[in-house]
Amino acid sequence: MIVRRLRPADSRTKLYFMLAWRTPTAPNPVLVETFDLLRQRGFDIELGIAEELLLQLDRLAPTHDLYVLKSHAALWLSLAEIVHTHGGRVLNPFPACLAVQNKIVAVERMRAAGVPTPRSWVTGDPDLLRSIVEECPVIIKPYAGGRGIGILVVHSPHELARTPRPREPVLIQEYIRHEEELKVYVIGEEVFGMRTGSSRDAPRWPCPLRRHVREIALRCGRLFGLGLYGLDIVESPDGPLVVDLNYFPSYRNVPHAARLIAHFIDDYARGSAAARVPVRTRPVGRALRAAQQ
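Residues numbered from 1 in each chain as written. Predicted model: local features only at pLDDT ≥ 70, side-chain atom pairs only at ≥ 80, totals over all residues. Heavy atoms only, no water.

*Asks:* Give a detailed account of the nonpolar core, specifying residues and quantitative values.
*Replies:* Membership of the largest hydrophobic core comes to 70 residues, with the highest contact counts inside it found for Leu231 and Tyr251. Among the elements that line this core, the one with the most residues is helix H8 (residues 257-269), at nine residues. Those residues in contact with Tyr251 that lie beyond four places of it in its chain are Val30, Tyr185, Val186, Ile187, Leu228, Tyr229, Ala257 and Ile261. Ranked by size, the runner-up nonpolar core spans ten residues in total, among them Ile132, Val133, Cys136 and Val138. (Core = buried A, V, L, I, M, F, W, Y, C linked by side-chain atoms within 4.5 Å. Buried < 20%, exposed > 50% of the residue type's maximum accessible area, 1.4 Å probe, protein only. Helix = DSSP H or I, 4+ residues; strand = E, 2+ residues; numbered from the N terminus. Contact = heavy atoms within 4.5 Å.)

*Asks:* Give me unusual backbone geometry: which residues, what numbers.
*Replies:* Of note, the bond from Leu91 into Asn92 is cis; its omega dihedral lies within 30 degrees of zero at -5°. As for its placement among the helices and strands, Asn92 is situated in the loop between strand E4 (90-91) and helix H3 (94-101). With a phi close to 45°, Phe248 is a non-glycine residue in the positive phi region. Overall, Phe248 belongs to the buried group, its relative accessible area being 2%.

*Asks:* Give me the lowdown on the packing of aromatic side chains, citing residues and values where you can.
*Replies:* Overall, the coordinates contain six aromatic pairs when judged by the stated rule. Note on Tyr16 and Tyr67: the rings are 5.8 Å apart at their centroids and 40° apart in plane angle, and the pair reads as tilted. With Tyr16 in strand E1 (residues 14-19) and Tyr67 in strand E3 (residues 66-70), this pair connects stretches of sequence that are 51 residues apart. Taken as a pair, Tyr16 and Tyr67 share a single burial class, namely buried. Here Tyr16 and Trp76 contribute two aromatic rings whose centre-to-centre distance is 6.1 Å and whose plane-to-plane angle is 75°, an arrangement assigned as edge-to-face. (Phe/Tyr/Trp six-rings, centres within 6.5 Å; stacked < 30°, edge-to-face > 60°.)

*Asks:* I'd love a proper account of the packing of helix H4 (residues 103-112) against helix H7 (residues 211-224), names of residues and values included.
*Replies:* Direction vectors running N to C along H4 and H7 enclose 115°, while the axes themselves pass 11 Å from each other. It follows that H4 is roughly perpendicular to H7 by the angle criterion. Judged by the twist between their axes, the crossing of H4 over H7 is right-handed. Across the interface between the two elements, Ala106, Arg109 and Met110 of H4 pack against Cys220, Leu223 and Phe224 of H7. Residue composition of the contact of H4 with H7, grouped by class: five nonpolar, no polar and one charged. (Axes fitted to C-alpha atoms, helices over the stretch in contact; angles between N-to-C directions. Parallel < 35°, antiparallel > 145°, perpendicular 65-115°, else oblique. Left-handed = near helix turned anticlockwise from the far one by under 90°. Nonpolar A, V, L, I, M, F, W, Y, C, P; charged D, E, K, R; others polar.)

*Asks:* Would you mind going over the side chain of Thr63 in detail, with residue names and values included?
*Replies:* Relative to the helices and strands, Thr63 resides in the loop between strand E2 (44-49) and E3. A distance of 3.0 Å separates the side chain of Thr63 from the side chain of His64, its partner in a polar contact. (Polar contact = N/O pair within 3.5 Å; in protein donor to acceptor, adjacent residues only side chain to side chain.)

*Asks:* Break down the sheet that holds E3 for me, citing the residues and quoting the values.
*Replies:* The sheet built from four strands is open, its strands ordered E2-E1-E3-E4 with parallel pairing. With partners counted over all chains shown, the strands left at the sheet margins are E2 and E4, one partner each. Alignment of E3 against E4, held across two bridges, turns out to be parallel. Each residue of the ladder has a partner; that of Val68, found in E4, is Leu91. Its contacts with the sheet put helix H1 (residues 29-40) on E1, E2 and E3, and the angle it makes with E1 is roughly 170°. Against the sheet, helix H2 (residues 74-85) makes contact with E1, E2, E3 and E4, and its axis sits at roughly 150° relative to E1, the strand it touches most. (Pairing = 2+ DSSP bridges.)

*Asks:* Give me the lowdown on the pattern of salt bridges, citing residues and values where you can.
*Replies:* Under the counting rule described, the total for this entry stands at 15 salt bridges. In this structure, Asp44 engages Arg12 in a salt bridge whose closest nitrogen and oxygen atoms are separated by 2.6 Å. Within this pair, whereas Asp44 is found in strand E2, its partner Arg12 is found in the segment before E1, the two being separated by 32 residues in sequence. Given the relative accessible area of 25%, Asp44 is considered partly exposed. Ionic pairing is found between Glu235 and Arg210, a salt bridge with its closest N-O pair at 2.6 Å. Of this pair, Glu235 sits in strand E12 (residues 228-236) while Arg210 sits in the loop between strand E11 (204-207) and H7; the two residues are 25 residues apart in sequence, bridging distant segments of the chain. Accessibility expressed as a relative area gives 46% for Arg210, which makes it partly exposed. (Salt bridge = Lys/Arg side-chain N within 4 Å of Asp/Glu carboxyl O.)

*Asks:* Help me get a handle on the pairing of E12, residues and values and all.
*Replies:* Within E12, eight of the nine residues are buried, leaving the element largely enclosed by the surrounding structure. Relative to E12, strand E9 (residues 180-187) runs antiparallel, the two sharing six bridges. Along E12, the bridge assignment pairs Ile187 with Leu228. Where E12 lies against strand E13 (residues 239-247), eight bridges are found, and the strand directions are antiparallel. Residue pairing across strands places Gly230 opposite Asn246, the latter belonging to E13. Counting the residues between successive antiparallel strands, the hairpin from E12 to E13 contains two residues.

The following block contains the structure:
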């Protein structure tokens, strides 16, 4: 992975995918197809799960041309920072991933840049939310959470009284009641919309995006320096609000996702996207034709 060793001068471009540990293990079909496409393009690919590795810290140095961070685990983020510090290339860039992973930082950065988000607060004492909960329901999120783990929706002061004191920082946002959620997936500057129910395992289906929503998504990418990312958006009386932002999502059911991701990673690894992220990719039709060649 990142244990120091010499590479032969004629070695092929090496990619290392930092993958999340899952129980039960269920391979993401988009990733499986992406790996196959990249191998067909001539890349050497290595896969790793941080929890299955034992690495000696004083022997760590980048050995791959590009590290692709597809995990929100604290251990992978720590190792990605080491790769970044030693001059290794990470996709998405490590500073962007670090900022997005901290929901408190991410929401404030979006708010300050004019990205529409729900009203938000931070506190270490839920009792201080009483006056707010009397006015509207709130959702309490771990500041570094993901996949919906640890999220609480509080509808009343009575529910608030039973809420345990958090052990780590939390982000509190006004809860916008909704039956459907809009998931927006971005690959470079290709933007896709998927409608889904409010539960985590609800079915999802492709939907067209308004220009305003597409611009919100691309603004988030430019703001953080992301190229592969996703947003969760809900509709409020005042318009769409971004309620979550994450790097390298599942891309489940996104049309042609694997081919477009492989194309983007290919461009990035070979240097055409090295200067900045996001990078304007070719239109979908041209990108797919190129990927098939």
